[in-house]
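Structural characterization, general
Single-letter residue listing:
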Amino acid sequence: MKFTLLERIVLPSILPAKGTFENMIVRRDIMERVKINQEELEKYQIKSLDGGLKWEPTADEFDYEFSEIEKILITQSLKSLSEKGEIIPDHISLYKKFV
């Protein structure tokens, strides 16, 4: 599955901050897989700015495979945000991929 830099940055924010032991292990694995490393900070000039992040636009795509249990956690997280009315524009492309 292909992901943009924005999707990689946003994905961890939609995952639950607390939950069952199993869900926290799955969350950790997802976050490890999509995390931004130091080399990418430089390459894409990712910087904190006014409470958010800014980076140089890129057409680069990143290919990740997720296990079924990881897909379930991501899907449940997005559905939960939607049910609470907390989906923001940055979530839309992830929602379309997983829900």
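Our structure's up above, just so we're on the same page.
What counts, and at which threshold
- Residues numbered from 1 in each chain as written.
- Predicted model: local features only at pLDDT ≥ 70, side-chain atom pairs only at ≥ 80, totals over all residues.
- Heavy atoms only, no water.
- Helix = DSSP H or I, 4+ residues; strand = E, 2+ residues; numbered from the N terminus.
- Buried < 20%, exposed > 50% of the residue type's maximum accessible area, 1.4 Å probe, protein only.
- Polar contact = N/O pair within 3.5 Å; in protein donor to acceptor, adjacent residues only side chain to side chain.
- Expected span 1.5 Å × (residues − 1).
- Arc of directions from axis to C-beta.
- Contact = heavy atoms within 4.5 Å.
- Axes fitted to C-alpha atoms, helices over the stretch in contact; angles between N-to-C directions.
- Parallel < 35°, antiparallel > 145°, perpendicular 65-115°, else oblique.
- Left-handed = near helix turned anticlockwise from the far one by under 90°.
- Salt bridge = Lys/Arg side-chain N within 4 Å of Asp/Glu carboxyl O.

1. Thoughts on the environment of Ser13
Relative to the helices and strands, Ser13 resides in helix α1 (residues 5-14). On the basis of relative accessibility, which here comes to 53%, the residue Ser13 falls in the exposed class. Sequence separation between Ser13 and Lys54 is 41 residues, and the spatial gap between their C-alpha atoms is 16 Å. A polar atom in the side chain of Ser13 sits 2.6 Å from the backbone oxygen of Val10.

2. Some remarks on α1
One turn of an α-helix holds 3.6 residues; hence residues three or four places apart share an orientation. Among the ten residues of α1, eight are classified as buried, and the element is accordingly described as predominantly covered. Within α1 the residues assigned to the buried category are Leu5, Glu7, Arg8, Ile9, Val10, Leu11, Pro12 and Ile14.

3. Quick look at helix α2 (residues 21-34)
Taking 1.5 Å per residue as the helical rise, α2 with its 14 residues ought to reach 20 Å, and the 20 Å between its terminal C-alpha atoms agrees with that figure. Burial in α2 covers these residues: Val26, Ile30 and Val34. Seen from one end, α2 has its buried residues packed into an arc of 60 degrees, which puts them on one side. Buried residues belonging to α2 abut α1 and α4 (68-83).

4. A word on the environment of Ala59
Note on placement: Ala59 falls in the loop between β3 (52-54) and β4 (62-63). On the basis of relative accessibility, which here comes to 75%, the residue Ala59 falls in the exposed class. Taking C-alpha positions, Ala59 is 10 Å from Phe3, a pair spaced 56 residues apart along the chain.

5. Digging into the packing of α1 against α2
One way to put it is that α1 packs onto α2 with a least axis distance of 10 Å and a crossing angle of 160 degrees. In terms of axis orientation, α1 runs roughly antiparallel to α2. Between α1 and α2 lies a crossing whose hand is left-handed. From α1, Arg8, Leu11 and Pro12 reach across to α2, where they touch Ile30, Met31 and Val34.

6. Brief notes about the pattern of salt bridges
Going through the model one piece at a time under the given rule, you end up with seven salt bridges. Glu40 serves as the salt-bridge partner of Arg8, at 2.8 Å between the closest nitrogen and oxygen. Remark: Glu40 occurs in helix α3 (residues 38-43) and Arg8 occurs in helix α1; sequence separation between them is 32 residues. There is no split in this pair, since Arg8 and Glu40 are both buried. For Glu68, the salt bridge is made with Lys71, and the minimal N-O distance between the two is 3.5 Å. Remark: Lys71 and Glu68 occur in helix α4; sequence separation between them is three residues, near one turn of the helix. Given the relative accessible area of 27%, Lys71 is considered partly exposed.

Distances and angles like these do not, on their own, reveal function.
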